[in-house]
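Fold and contact review
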Amino acid sequence: MSDTNAVDILLVEDNPKDVELTLRAFRKANLTNRIHVARDGAEALDFIFCEGAHAARTIEDGAKVVLLDLKLPKVDGLEVLQRIKGDPRTKIIPVVVLTSSREQCDVVESYQLGVNSYIVKPVNFERFAEAVEHLGLYWLLMNQPPKV
Amino acid sequence: MNVTARPRLLIVDDEVAQMTALCNTLEDQGYVTTGLTSANQALAVLRGQEFDLVLTDLMMPEMDGIALLRAALEMDANLVGIVMTGHGSIDTAVEAMQGGALDYIQKPFKLSVIVPVVARALGVRRLRIENAELERRVREHAAELAAANQERDKFFDTSLDMLCIAKSDGYFKRLNPSFTETLGWSMEELLERPFIDFVHSDDRDSTLREVEKQNLGEAVLNFENRYQHKDGSWRWLSWRSGSLRDGLMYATARDVTQQRQTQADLLERTSQLEAANKELEAFSYSVSHDLRSPLRTIDGFSKAVLEDYGAQLPPEAQRHLQFVREGAQQMGALIDDLLTFSRLSRQPLDRRTLDTARLVNQSLDELRPQQQGRQIELRMVELPPCRGDPSLLKQVWINLLSNALKYSSKRETAIIEVGAVPAPVSGASVDAPPAAGTAASTNHEIAYFVRDNGVGFDMRYAHKLFGVFQRLHRAEDYDGTGVGLAIVHRIIHRHGGRVWAEAAVDRGATFYFTLEGTNT
């Protein structure tokens, strides 16, 4: 259980530009937490469940919050959400869906699977940055995570 | 012969004294007599007048009584004739009777003989006349019957529907020509085989069941089965049939092959449309997601450049980058609006009774950001409840109120009024604004309105207001995608209502809309 392995935020996002913008927003909001980026659903699951390339990790060192995009290659965002919330070891991890889709079907499905929050990525960067900042502030600083 | 009139007798005897005596005698009996002494005269008179009885002497010069009677009977077959014979020859009397005379009298005559003979003869005359009348009536009746039959037959034969009578032995009894026209078989071909022969094997059981129903007194309504056309193809027939419990079925049929085909086509078209709709949904979903992503990149990184290197860039460059951002954001708004617009026609209408005032207040709440830092005077009168889809109507209010706020943004105090007025039913619409001085019709409906004191617009371009992407103001003066009013128009139309606007340049604008079924 090395401290250097602990991660605060798991960002699951396939679009590299969005990754860069999100990281930039976090920096600007002075949320210089430890962020791990997974580029697709499979990598995200490996990270969370400490399998594959991340077999050396432990679930206790897992992220305090997962920012999850829905449209992902390999394993789809909703499936990742389902796996996280369906497993007793990981279901307490807060998941925030951060996606372009405003479609009601996605929103409803996400909440039914147990998502903690659903945010639509605005095109306008300032609003996007604001959203990310609020997210970070809320989930990392204000919200009381359960002690594992 | 008029039964109450006095019988007219024609008396012919070449012996004047006899003739006169007869006339007088018979006149005393109440008859009208005409006496003549020659057969030729008698014929001449007969041609001009009608008589009931001819009393004639047999032996006369020129023409004898038999010839006279024959000729007279030719003129009127119902005439009765009595011959008088003085020379006692029974043979001639018999000959006369064979020639058409009814009776004979022997001369010299006695009153006690003549009177009953004449009376009897006139009785026969009456009977003959009545007979003739009866026969005439029978003929008339028969003619009427024939005409009625003819009319019925014409109807039967010219009917475009197939009409038929079928027997309990399974054969047709009678068919109209429509059968041949529809099925191609000749009348003989249809009559010589049991009708079930023509029915599709899959439909035979059900057809026989329908026949059974009629035997039990039930009528058959809209039963469909397939009959084979002579060319081998199958025609769908729709039957109505009943039985009068006389062992016969009386039926009409229609060829519904075309209708069934059309229905099948319609079902297929509908399912194609549903499939296309689903595809469109999926397409829109994909489009909205995938189009927004690059826009975010454009906006985000332009901002990044401005933030990180702005100081090193000349103001012009900064301005241009700002334009890049605005372009991306505008496109994002457009995508959102277009998606909403396209979804509106597909979304099912959930019609409920709504508290209009509450809907308006909810819309105003959502528009709070637009109202920040501004002087806004809102006037709202009592709004009657309406019937419609809550989420769609909220969109209408949001769009109209947002416009009102937007276009009055340059006023120191924006005055926005929300209310409802009666509007004549066959009144204005976006396609036909109200004519000046429209006469008040008896039927009114409620028109809700939103009025602002903003920049207004030129009524000459009012017809363009509700078109997609149509704008009446410059983008740099008032931003917008030009889809908002098109969305309003689409929603109101789906509710069966009308929407229109009145405005003047720089004098504000009022937008009205009605919903179907909002009657005062």
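That block above? That's the structure.
The shown structure was predicted, so the numbers you read here are calculated from the model rather than taken from an experiment.

**Focus: the overall build of chain B**
Within chain B, the secondary structure is distributed over 14 helices and 17 strands. Counting every position in chain B, which comprises 520 residues, the buried fraction comes to 40%. Across chain B, the fraction of contacts at a sequence separation of at least 24, relative to all contacts at a separation of at least 6, is 62%.

**Concerning the sheet that holds strand E2 (residues 32–36) of chain B**
Residue and element names in this part refer to chain B. Strands sit in the order E2-E1-E3-E4-E5 across an open sheet of 5 strands; the sheet is parallel. At either end of the open sheet lies a strand with only one pairing partner, and these are E2 and strand E5 (103–106). The mean angle between the axes of side-by-side strands here comes to 20°, regardless of whether they run parallel or antiparallel. Examined bridge by bridge, strand E1 (residues 8–12) and strand E3 (residues 53–57) share 4 bridges and lie parallel to one another. The residue bridging Ile-11 from the neighbouring strand is Leu-55, located in E3. Its contacts with the sheet place helix H2 (residues 39–48) against E1, E2 and E3, and it is angled at close to 160° to E1. Contacting strand E4 (80–85) and E5, helix H4 (residues 90–98) crosses the sheet at an angle of about 150° to E5.

**Points about the pairing of strand E6 (residues 162–167) of chain B**
When a strand is regular, its side chains alternate between the sheet's two faces. All names here are of chain B. The element E6 is largely enclosed, with a buried count of 5 among its 6 residues. Bridging between E6 and strand E10 (residues 248–255) involves 6 bridges; their strand directions are antiparallel. In the sheet register, Lys-167 faces E10, and the bridge partner there is Leu-248. The pairing of E6 with strand E7 (residues 172–175) spans 3 bridges and is antiparallel. Each bridged residue has a counterpart across the sheet, and for Ile-165 the counterpart in E7 is Arg-174. Between E6 and E7, which pair antiparallel one after the other, the connecting turn spans 4 residues, and Gly-170 there sits at a positive phi close to 95°.

**What about the packing of helix H1 (residues 16–28) of chain A against helix H9 (residues 257–309) of chain B?**
Two elements in contact, H1 of chain A and H9 of chain B, have axes separated by 10 Å at closest approach and are oriented at 45°. Viewed along their axes, H1 of chain A and H9 of chain B adopt a mutual orientation that is oblique. Handedness of the H1 of chain A/H9 of chain B crossing: left-handed. Taking contact as the criterion, the partners of Lys-17, Asp-18, Glu-20, Leu-21, Arg-24 and Lys-28 of chain A in H1 of chain A are, on H9 of chain B, Ser-293, Arg-296, Thr-297, Gly-300, Phe-301, Ala-304, Glu-307 and Asp-308 of chain B. Each residue belonging to the contact of H1 of chain A with H9 of chain B can be placed in one class, and the counts come to 3 nonpolar, 3 polar and 8 charged.

**Describing the pattern of salt bridges**
Inspection of the entire model under this criterion finds 46 salt bridges over all chains. Close ionic contact of Lys-64 of chain A with Asp-8 of chain A constitutes a salt bridge, the shortest N to O distance being 2.5 Å. Remark: Asp-8 of chain A occurs in the segment before strand E1 (9–12) and Lys-64 of chain A occurs in the loop between helix H2 (41–48) and strand E3 (65–68); sequence separation between them is 56 residues. One salt-bridge network, held together by shared partners, links Arg-24, Lys-28 and Glu-126 of chain A together with Asp-299, Lys-303, Glu-307, Asp-308 and Arg-325 of chain B.

**Let's talk about a nonpolar patch on the surface**
Together, Leu-137, Tyr-138, Leu-141 and Met-142 of chain A line one region of the surface with nonpolar side chains, adding up to about 420 Å² of accessible area. Residue position: Leu-141 of chain A is located in helix H5 (residues 125–142).

**Overview of H2 of chain B**
All names here are of chain B. Restricting attention to buried positions, one finds in H2 the residues Ala-39, Ala-42, Leu-43 and Leu-46. One side of H2 holds all its buried residues, which, seen down the axis, span an arc of 100°. Among the exposed residues of H2, those oriented more than 90 degrees off its buried face are Arg-47 and Gly-48. Where H2 is buried, its residues contact E1, E2, E3 and helix H3 (65–75). The N-capping residue of H2, defined by a side-chain oxygen 3.4 Å from the backbone nitrogen of Asn-40, is Ser-38.

**Looking at the side chain of His-200 of chain B**
All names here are of chain B. Inspection of the secondary structure puts His-200 in the loop between helix H7 (187–192) and helix H8 (204–215). Accessibility expressed as a relative area gives 13% for His-200, which makes it buried. One polar contact links the side chain of His-200 to the main-chain amide nitrogen of Asp-202, over a distance of 3.0 Å. Apart from the residues lying within four places of it in its own chain, the contact partners of His-200 are Arg-226 and Trp-234.

**Here we look at the interface of chain B and chain A**
The interface of chain B with chain A comprises 23 residues on the first partner and 22 residues on the second. Counting the surface chain B buries against chain A, the share from its top three residues, Tyr-285, His-289 and Arg-296 of chain B, is 37%. For the pair chain B and chain A, the interface holds 6 salt bridges. The closest approach of N and O atoms between Lys-303 of chain B and Glu-126 of chain A, which form a salt bridge, is 2.7 Å. Among the elements of the structure, H9 and helix H10 (315–346) of chain B are those that each provide at least two residues to the side of chain B that touches chain A.

**Some remarks on unusual backbone geometry**
A cis amide bond links Lys-107 of chain B to the next residue, Pro-108 of chain B, at an omega of -10°. When you line up the elements, Pro-108 of chain B lands in the loop between E5 and helix H5 (111–158). The residue Cys-50 of chain A is not glycine, and still its phi comes out positive at about 55°. Under the relative-accessibility criterion, Cys-50 of chain A is labelled buried at 14%. Although it is not a glycine, Lys-74 of chain A sits at a positive phi angle of roughly 65°. Of note, Lys-74 of chain A is situated in the loop between E3 and helix H3 (77–86).

Basis of the calculations
Residues numbered from 1 in each chain as written. Chains lettered and ligands numbered in written order. Predicted model: local features only at pLDDT ≥ 70, side-chain atom pairs only at ≥ 80, totals over all residues. Heavy atoms only, no water. Helix = DSSP H or I, 4+ residues; strand = E, 2+ residues; numbered from the N terminus. Buried < 20%, exposed > 50% of the residue type's maximum accessible area, 1.4 Å probe, protein only. Contact = heavy atoms within 4.5 Å. Pairing = 2+ DSSP bridges. Axes fitted to C-alpha atoms, helices over the stretch in contact; angles between N-to-C directions. Parallel < 35°, antiparallel > 145°, perpendicular 65-115°, else oblique. Left-handed = near helix turned anticlockwise from the far one by under 90°. Nonpolar A, V, L, I, M, F, W, Y, C, P; charged D, E, K, R; others polar. Salt bridge = Lys/Arg side-chain N within 4 Å of Asp/Glu carboxyl O. Patch = residues over 30% accessible without salt bridge, like charges linked within 9 Å, V, L, I, M, F, W, Y side chains within 5 Å. Areas by Shrake-Rupley, 256 points an atom, 1.4 Å probe, with all protein chains shown as cover. Arc of directions from axis to C-beta. Polar contact = N/O pair within 3.5 Å; in protein donor to acceptor, adjacent residues only side chain to side chain. Buried area = accessible area lost by both parts, 1.4 Å probe.

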